[in-house]
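So the chains spell out like this:
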Amino acid sequence: MSILSGLSNLGLGDLEDLKVYDDNNIKGKVSPEEKEKTVDEIDFLLAKEYECPVCNAKFKQMVLRSNKARMIGQDMDLRPHYYYIDVTKYDVIMCPHCGYAALLRYFGPLPKPHRELIKTNISSKFKETEEPKGIISYEEALVRYKIALVNAIVRQAKNSEKAYICLKTSWVLRGMREMIDQNTPENEKKKAELLLQEKEYQKNAMEGFIAARGNELPPIAGMNEVAADYLIAVLLVQFERYADAAKLVQGVLGSNKATANQKDKARVLIGEIKNALSK
Ligand SMILES: [Zn+2]
């Protein structure tokens, strides 16, 4: 007798013989690869309500369902990789009514002078948009990051906040570039353009974080000095400023605040710097 016997009363008699660990008799069976594909970006998101600190309107926005998403790695510059979703696309919270936007980390109550700066310089001209109802494209994400940056500039935010927006914008551009897979001449051109833009944002991020290390107390965009110095060193290497980068990495290696993981990463970076200098 099958362990599934007794289902015929429910009209499922033909399923009584299914084997628990053998899926060959399943009608319309899909391969494990196809099954993977049925996981959708939207499954990792949920609509959350926010109240705008500038115009007080309530609006909904898709944010990461953190209990579902799984991080699987990081780029050197800390850009996270998750299964099935590029989480960076969802990190800007933007009021669709008045145009106030900020990274999730910074979204919250604002002092009156800041609200006034945004009303005068942004809201007065901003055209209302729709709340994003589902997944957002890289193009939409890029616009949201640009609006967040404009907001940060207008309300004279700290260097670290502006630098962090620039860094994350460079990640969006990288994600966009990685999505282009066919190597047609047209795609190659598009990739080169995206890389140029990515570099521009990276450069702005590097300059902002260096300024922030000079005139802000940690945490710098949520990072302690060790994490910030490592990140700045990674960015300096991108622009071939190896001596400055090496100095910061040596500082990380010598710091008693650095974790074993941070020291490991610093050693990898030192290796890269040595490699680059020996060429
Ligand atoms: Zn608003």
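Conventions used here
- Residues numbered from 1 in each chain as written.
- Predicted model: local features only at pLDDT ≥ 70, side-chain atom pairs only at ≥ 80, totals over all residues.
- Heavy atoms only, no water.
- Axes fitted to C-alpha atoms, helices over the stretch in contact; angles between N-to-C directions.
- Helix = DSSP H or I, 4+ residues; strand = E, 2+ residues; numbered from the N terminus.
- Parallel < 35°, antiparallel > 145°, perpendicular 65-115°, else oblique.
- Left-handed = near helix turned anticlockwise from the far one by under 90°.
- Contact = heavy atoms within 4.5 Å.
- Nonpolar A, V, L, I, M, F, W, Y, C, P; charged D, E, K, R; others polar.
- Pairing = 2+ DSSP bridges.
- Domains from an automatic or database assignment.
- Expected span 1.5 Å × (residues − 1).
- Buried < 20%, exposed > 50% of the residue type's maximum accessible area, 1.4 Å probe, protein only.
- Arc of directions from axis to C-beta.
- Phe/Tyr/Trp six-rings, centres within 6.5 Å; stacked < 30°, edge-to-face > 60°.
- Lys NZ or Arg CZ within 6 Å of the ring centre and 35° of its normal.
- Core = buried A, V, L, I, M, F, W, Y, C linked by side-chain atoms within 4.5 Å.
- Polar contact = N/O pair within 3.5 Å; in protein donor to acceptor, adjacent residues only side chain to side chain.

Chemist: In this structure, what is going on with the packing of helix H2 (residues 112–123) against helix H3 (residues 138–154)? I would like to understand it.
Modeler: Helix-helix packing is described using two parameters, namely the angle between the two axes and the distance between the axes. The contact between H2 and H3 brings their axes to 9 Å, and the two run at 130 degrees. Overall, the two elements H2 and H3 adopt an arrangement that is oblique. By crossing handedness, the relation of H2 to H3 is classed as right-handed. In contact with Leu117, Ile118, Asn121 and Ile122 of H2, H3 contributes Val150, Asn151 and Val154. Looking at the contact of H2 with H3 residue by residue, the class counts come to five nonpolar, two polar and no charged.

Chemist: Can you walk me through the pairing of strand S1 (residues 45–51) in this structure?
Modeler: Sheet topology note: the S1/strand S2 (residues 58–64) ladder contains seven bridges and is antiparallel. The residue bridging Ala47 from the neighbouring strand is Met62, located in S2. Adjacent in sequence and paired antiparallel, S1 and S2 are bridged by six residues, among which Asn56 carries a positive phi angle near 65 degrees.

Chemist: Got a minute to help me understand the domain arrangement of the chain in this structure?
Modeler: Quite often, the size of an interface is put as the accessible area lost when its parts meet. Considered domain by domain, the chain is made up of domain 1 (1–38) and domain 2 (224–279). Here the C-alpha centroids of domain 1 and domain 2 sit 54 Å apart.

Chemist: What am I meant to see in helix H8 (residues 260–278) here?
Modeler: A turn of α-helix holds 3.6 residues, and therefore any two residues three or four places apart point the same way. An ideal rise of 1.5 Å per residue puts 27 Å on 19 residues; H8 measures up with 27 Å between its terminal C-alpha atoms. Among the residues making up H8, those that are buried are Gln262, Ala266, Leu269, Ile270 and Ile273. Projection of H8 onto a plane perpendicular to its axis shows the buried side chains occupying an angular sector of 110 degrees, all on one side. Facing away from the buried side of H8 by more than 90 degrees, the exposed set consists of Ala260, Lys274 and Ser278. Looking at the buried side of H8, the elements it contacts are helix H6 (225–238) and helix H7 (242–254).

Chemist: Even after reading the chapter, I still don't get the packing of aromatic side chains, so can you show me in this structure?
Modeler: Two descriptors summarise a pair of aromatic rings, namely the distance from one centre to the other and the angle between the planes of the rings. Tallied over the entire structure, the rule returns six aromatic pairs. Measuring from ring centre to ring centre gives 5.8 Å for Tyr83 and Tyr84, while their planes differ by 35 degrees; the resulting arrangement is tilted. On the basis of relative accessible area, Tyr84 is assigned to the partly exposed category, the value being 35%. Of the aromatic side chains, those joined through ring pairs into one cluster are Tyr50, Phe59, Tyr100 and Phe107. Note that Lys89 overlies the ring of Tyr138, its terminal NZ or CZ placed 5.0 Å from the centroid. A cation over an aromatic ring shows up here: Lys199 above the ring of Phe239, its NZ or CZ 5.5 Å from the ring centre.

Chemist: Explain H7 to me, please; I cannot follow it from the model alone.
Modeler: Compared with the 18 Å implied by 1.5 Å per residue over 13 residues, the 18 Å span of H7 between its first and last C-alpha is a close match. By the burial criterion, the buried members of H7 are Tyr242, Ala245, Val249 and Val252. One face of H7 carries all of its buried residues, which in axial projection span an arc of 80 degrees. In H7, the exposed positions that point more than 90 degrees away from the buried face belong to Ala243, Lys247 and Gly254.

Chemist: Could you clarify how one ought to interpret the nonpolar core in this entry?
Modeler: Most often, soluble globular proteins keep nonpolar side chains buried together rather than apart. Formed by 61 residues in total, the largest nonpolar core has its most connected members in Leu167, Phe209, Met223 and Leu269. Put simply, the parts of the chain that give this core at least two residues each are strand S5 (92–94), strand S6 (101–103), H3, helix H4 (159–178), helix H5 (185–215), H6, H7 and H8. Considering each element in turn, this core owes the most residues, 11 residues, to H6. Ranked by size, the runner-up nonpolar core spans 15 residues in total, among them Cys52, Val54, Ile93 and Val154.

Chemist: Could you clarify how one ought to interpret the environment of Gln74 in this entry?
Modeler: If you trace the backbone, Gln74 turns up in strand S3 (residues 71–74). Accessibility expressed as a relative area gives 39% for Gln74, which makes it partly exposed. Measuring from C-alpha to C-alpha, the distance between Gln74 and Thr88 comes to 12 Å, with 14 residues separating the pair along the chain. Ignoring anything within four residues of it in the chain, the contact list for Gln74 reads Arg79, Pro80, His81 and Lys265. A polar contact of 3.3 Å, which involves the side chain of Gln74, links it to the side chain of Lys265.

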